[in-house]
Amino acid sequence: MNIIISDDYQQMSSMAAQVFIQCVTANPRAVLGLATGSTPIGVYQNLITSYQSGEISFESVTSFNLDEYIGLHRDHPQSYYYFMHQQLLNHVNIQGQRVFIPSGTEEDYGAYCQWYEDQIAEAGGIDLQILGIGSDGHIAFNEPGTALGSRTHITELDHQTIDDNARFFDSKADVPRRAITMGVATILEAKEIILLATGQNKAQAVRDAIEGPLSSECTASALQQHPNVTFYLDSAAAELLKHEYKH
Ligand code: GLP
């Protein structure tokens, strides 16, 4: 695993955005794995700037999002569909038919989860996946206790995740209790993965992910098995790491 510790959020976002820019420049038909949460917003802003300046085009790019709340319609301001369109997709020339975001309003999730997996496979797999990390060490919505071999599935959100995400809703009671998420094994099939984390409240999760045992209690620890992963951290998120990493 590569660990890159940045001075601040802007530097981290710009370095991580460069990985996307290089990926799309090298392969205009790249398949990108996208994430929600506040952490990747700076990367998306850099990508919009890069698109607006003519440096990159999303014309032939395909994207797959990691997860979505169950029960939120795509027009709900807290749905991940809405978030992705506000933060990135509405501002670049990606083609709607090549945008895949799990639906939170399906009737038959057994069939739907398989369909989502099949779409990723048909697109040739994900070339570059961006991840955030939950304060409990989750990636996407793979909460503690999720099998490291899991595929796209429905999950119950942990109390800690509900507490963390309550800030985006009017009240904690409004936070959905369930989500659809790519599984840990689905994520690990991406050819390259970058994980971004900032702030002290991510420091323990970051340490467990990088230096802890491989464990379903911290699903981000599964990234230790992947051959091409880079963690982009600020110094607060890196402060519990025992080993020295490059700044
Ligand atoms: C949610 C998302 C994760 C994200 C996490 C952290 O739980 N499902 O994909 O990594 O939030 O979000 P933030 O970046 O806002 O801390």
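Reading guide: rules and limits
- Residues numbered from 1 in each chain as written.
- Predicted model: local features only at pLDDT ≥ 70, side-chain atom pairs only at ≥ 80, totals over all residues.
- Heavy atoms only, no water.
- Pairing = 2+ DSSP bridges.
- Helix = DSSP H or I, 4+ residues; strand = E, 2+ residues; numbered from the N terminus.
- Contact = heavy atoms within 4.5 Å.
- Axes fitted to C-alpha atoms, helices over the stretch in contact; angles between N-to-C directions.
- Phe/Tyr/Trp six-rings, centres within 6.5 Å; stacked < 30°, edge-to-face > 60°.
- Buried < 20%, exposed > 50% of the residue type's maximum accessible area, 1.4 Å probe, protein only.
- Salt bridge = Lys/Arg side-chain N within 4 Å of Asp/Glu carboxyl O.
- Near = heavy atom within 4 Å.
- Polar contact = N/O pair within 3.5 Å; in protein donor to acceptor, adjacent residues only side chain to side chain.
- Areas by Shrake-Rupley, 256 points an atom, 1.4 Å probe, with all protein chains shown as cover.
- 1 Å grid on protein atoms, 1.4 Å probe; cavity = no way out; pocket = protein on both sides within 12 Å on 5 of 7 lines; lining within 4 Å.
- Sits in = over half its atoms within 2 Å of the grid points.
- Nonpolar A, V, L, I, M, F, W, Y, C, P; charged D, E, K, R; others polar.
- Points joined across faces, edges and corners; volume = space filled by probe spheres on them.

**As for the sheet that holds strand β10 (residues 229–234)**
Next, step 1: The strand order β1-β10-β9-β6-β2-β3-β5 describes an open sheet built from seven strands, whose pairing is parallel. The sheet terminates laterally at β1 (2–6) and β5 (99–100), the two strands that pair on one side only.
Next, step 2: With four bridges connecting them, strand β6 (residues 128–131) and strand β9 (residues 192–197) associate as parallel partners. Paired with L128 across the bridge in β9 is E192.
Next, step 3: Of the strands in this sheet, β1, β9 and β10 are in contact with helix α7 (residues 203–211), which crosses β10 at around 155 degrees.

**A look at the packing of aromatic side chains**
Next, step 1: Evaluation of the coordinates by the stated rule reveals eleven aromatic pairs.
Next, step 2: Judged by centre distance (4.5 Å) and plane angle (15 degrees), the rings of F64 and F100 are stacked. With F64 in strand β3 (residues 62–65) and F100 in strand β5, this residue pair connects regions lying 36 residues apart in the sequence. Here F64 and F100 have matching classes, each one buried.
Next, step 3: Through pairs of rings, three or more aromatic residues link up here, namely F64, F100, Y109, Y112, W115 and Y116.

**A few points about the pattern of salt bridges**
Next, step 1: This structure, assessed with the given rule, holds four salt bridges.
Next, step 2: E117 is the salt-bridge partner of R151, the closest N and O atoms lying 2.8 Å from each other. With R151 in the loop between β6 and β7 (153–156) and E117 in helix α4 (residues 109–122), this residue pair connects regions lying 34 residues apart in the sequence.
Next, step 3: Classification of R151 as partly exposed rests on a relative accessible area of 32%.
Next, step 4: For E117, a relative accessible area of 12% puts it in the buried group.

**Here's the deal with the site of the ligand**
Next, step 1: Of all residues adjacent to the ligand, which total 13 residues, the nearest are S38, T39, D67, H138 and K202.
Next, step 2: Side-chain polar atom of D67 to a nitrogen atom of the ligand: 2.8 Å apart, as the coordinates give it.
Next, step 3: At 3.1 Å from an oxygen atom of the ligand is found a side-chain nitrogen or oxygen belonging to R167.
Next, step 4: Starting from 390 Å² of accessible surface for the ligand in isolation, the protein chains cover 94%.
Next, step 5: Using a 2 Å cut-off from the grid points, one finds that the ligand occupies the largest pocket.
Next, step 6: The residue makeup of the shell around the ligand, split by class, is four nonpolar, six polar and three charged.

**Section: the sheet that holds β7**
Hydrogen bonding along the main chain pairs the strands of a sheet, whether they run parallel or antiparallel.
Next, step 1: Overall, antiparallel pairing links the three strands, which are arranged β4-β8-β7 in an open sheet. Strands at the two margins of the open sheet, each flanked by one partner only, are β4 (67–69) and β7. The mean angle between the axes of side-by-side strands here comes to 25 degrees, regardless of whether they run parallel or antiparallel.
Next, step 2: Alignment of β4 against strand β8 (residues 178–181), held across three bridges, turns out to be antiparallel. Among the inter-strand pairings, Y69 is bridged to a residue of β8, identified as A179.

**Some thoughts on the layout of surface pockets**
Next, step 1: Volume-wise, the largest pocket comes out at about 610 Å³.
Next, step 2: Around the largest pocket sit 33 residues that line it, and T36, G37, S38, N165 and R167 are the ones nearest its centre.
Next, step 3: Counting residues per element, the lining of the largest pocket draws most heavily on helix α5 (residues 159–165), at three residues.
Next, step 4: Here the lining of the largest pocket is built from residues that sort into 15 nonpolar, 14 polar and four charged.
Next, step 5: A volume near 290 Å³ is recorded for the second largest pocket.

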